[in-house]
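# Structure assessment
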Amino acid sequence: DARVTQTPRHKVTEMGQEVTMRCQPILGHNTVFWYRQTMMQGLELLAYFRNRAPLDDSGMPKDRFSAEMPDATLATLKIQPSEPRDSAVYFCASGYQGSETQYFGPGTRLLVL
Amino acid sequence: LAKTTQPISMDSYEGQEVNITCSHNNIATNDYITWYQQFPSQGPRFIIQGYKTKVTNEVASLFIPADRKSSTLSLPRVSLSDTAVYYCLVGERSNYQLIWGAGTKLIIKP
């Protein structure tokens with residue numbers, strides 16, 4: 001049963017520290033999405049990639065957030081420096097072009113103190 | 001740019017049919033509509049997807065009228081385990097935008 005995996009599952013850090021979240025998409029999927037979810041804002045699309053190239057990153061704060069796909073099996077989301085308002089659950093999802101179905105990972109729960 | 005609007009919450013009872021409607025007034029011809037289900041502490045899970053008329057799978061039906069300005073997710077004979085948040089999503093093919101609704105919290109009572 002193929003699944004999207006995310007690491008770490010939980011992260012507690014202090015304001016100003018760098019945070020890196022990793023995602024392994026389902027093998028064969030060529031589209032990767034990053035989302036942030038909070039009680040106040042709901043589900044927000046931060047960025048998504050197709051064939052490792054960014055397709056839309058308009059939802060991502062550019063000053064402190066960055067997203068990359070070093071290779072087809074790894075996507076990273078980095079926050080530097082982190083702030084308390086970044087506390088949220090970050091989801092990665094993957095899919096393949098032509099299907100439009102997204103398969104979500106379990107999320108990384110981030111708390112910035 | 002499409003905007004999706006759905007009710008914040010709904011209640012129903014076990015065994016009933018539940019219909020959740022999402023409005024998307026500015027949807028374009030090629031845009032697709034998808035519904036997801038999310039349980040606490042989990043990522044959203046795909047339920048159903050369509051473009052027009054009616055789509056049915058083993059868990060739900062999706063009704064889309066001719067003008068496509070809304071869509072209705074229909075859950076037949078719900079059970080307590082259907083208590084979750086349901087999201088509609090409009091995918092815009094022209095500019096790769098994904099427009100998520102704010103989610104409908106569905107509570108099923110015994």
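For the structure given in this document, a descriptive report is provided here.

Here is what the cut-offs are and how they apply
- Residues numbered from 1 in each chain as written.
- Chains lettered and ligands numbered in written order.
- Predicted model: local features only at pLDDT ≥ 70, side-chain atom pairs only at ≥ 80, totals over all residues.
- Heavy atoms only, no water.
- Core = buried A, V, L, I, M, F, W, Y, C linked by side-chain atoms within 4.5 Å.
- Buried < 20%, exposed > 50% of the residue type's maximum accessible area, 1.4 Å probe, protein only.
- Helix = DSSP H or I, 4+ residues; strand = E, 2+ residues; numbered from the N terminus.
- Contact = heavy atoms within 4.5 Å.
- Phe/Tyr/Trp six-rings, centres within 6.5 Å; stacked < 30°, edge-to-face > 60°.
- Salt bridge = Lys/Arg side-chain N within 4 Å of Asp/Glu carboxyl O.
- Pairing = 2+ DSSP bridges.
- Axes fitted to C-alpha atoms, helices over the stretch in contact; angles between N-to-C directions.

## Some words on the nonpolar core
One finds Met-21, Trp-34, Met-60, Leu-77, Ile-79 and Tyr-90 of chain A to be the most contacted residues of the largest nonpolar core, which totals 22 residues. Those elements giving two or more residues to this core turn out to be β3 (19-24), β4 (31-38), β5 (42-50), β7 (65-71), β8 (74-79), β9 (88-95) and β11 (108-112) of chain A. Setting aside residues up to four positions removed in sequence, Leu-77 of chain A forms contacts with Val-19, Thr-20, Met-21, Trp-34, Leu-46, Met-60, Phe-65, Ser-66, Ala-67 and Tyr-90 of chain A. Core analysis: the second largest hydrophobic core is formed by 21 residues, Ile-47, Ile-48, Ala-60 and Ile-108 of chain B among them.

## Looking at the packing of aromatic side chains
Two descriptors summarise a pair of aromatic rings, namely the distance from one centre to the other and the angle between the planes of the rings. Summed over the entire model, instances satisfying the criterion amount to 11 aromatic pairs over all chains. Both rings, one in Tyr-35 of chain A and one in Trp-100 of chain B, keep their centres 5.4 Å apart while their planes meet at 85 degrees; by these two values the pair is edge-to-face. In this pair, Tyr-35 of chain A sits in strand β4 while Trp-100 of chain B sits in strand β9 (residues 98-100), so the two residues belong to two different chains. Residue classification places Tyr-35 of chain A among the buried residues on the basis of a relative accessible area of 0%. With centroids separated by 6.0 Å and ring planes inclined at 80 degrees, the aromatic side chains of Tyr-87 of chain B and Trp-100 of chain B adopt a geometry described as edge-to-face.

## Regarding the pattern of salt bridges
Evaluation of the coordinates by the stated rule reveals 6 salt bridges over all chains. Taking the shortest distance from any N to any O, the salt bridge between Glu-83 of chain A and Arg-64 of chain A comes out at 3.5 Å. One end of the pair, Glu-83 of chain A, is in the loop between β8 and β9; the other, Arg-64 of chain A, is in the loop between β6 (53-56) and β7, with 19 residues separating them in the sequence. Overall, Glu-83 of chain A belongs to the partly exposed group, its relative accessible area being 24%. Among the ionic pairs, Asp-11 of chain B bridges to Lys-109 of chain B, the shortest N-O distance being 3.3 Å. Linking Asp-11 of chain B in strand β1 (residues 9-13) with Lys-109 of chain B in strand β10 (residues 104-109), this pair joins segments that are 98 residues apart in sequence. Its relative accessible area of 47% is what places Asp-11 of chain B among the partly exposed residues. Among the ionic contacts, a cluster of salt bridges with common partners joins Arg-64, Glu-83, Arg-85 and Asp-86 of chain A.

## Some thoughts on the pairing of β10 of chain B
Residue and element names in this part refer to chain B. Along β10, the buried face is formed by Thr-104, Leu-106 and Ile-108; none of Lys-105, Ile-107 and Lys-109, which line the opposite face, is buried. Pairing between β1 and β10: 5 bridges, direction parallel. When the sheet's bridge partners are listed, Ser-12 is paired in β10 with Ile-108. As paired strands, strand β8 (residues 84-91) and β10 are joined by 3 bridges and run antiparallel to one another. Bridging from a neighbouring strand, Ala-84 pairs with Leu-106 of β10.

## What to know about the environment of Leu-46 of chain A
All names here are of chain A. Its place among the elements puts Leu-46 in strand β5. Residue Leu-46 is classed as buried on the basis of its relative accessible area of 1%. Put simply, Leu-46 and Ser-66 are 20 residues apart on the chain and 9.8 Å apart in space, counted from C-alpha to C-alpha. Leu-46 has contacts with Trp-34, Tyr-35, Arg-36, Asp-56, Asp-57, Ser-58, Gly-59, Met-60, Pro-61, Leu-77 and Tyr-90, leaving out every residue within four places of it along the chain.

## Points about the sheet that holds β3 of chain A
Residues and elements named next belong to chain A. Strands sit in the order β1-β3-β8-β7 across an open sheet of 4 strands; the sheet is antiparallel. Only two strands of the sheet have a single neighbouring strand rather than two, namely β1 (5-7) and β7. Neighbour-to-neighbour, the strand axes of this sheet turn through a mean angle of 20 degrees, independent of strand direction. With 3 bridges joining them, β1 and β3 adopt antiparallel strand pairing. By the bridge assignment for β3, Thr-7 is matched with Arg-22.

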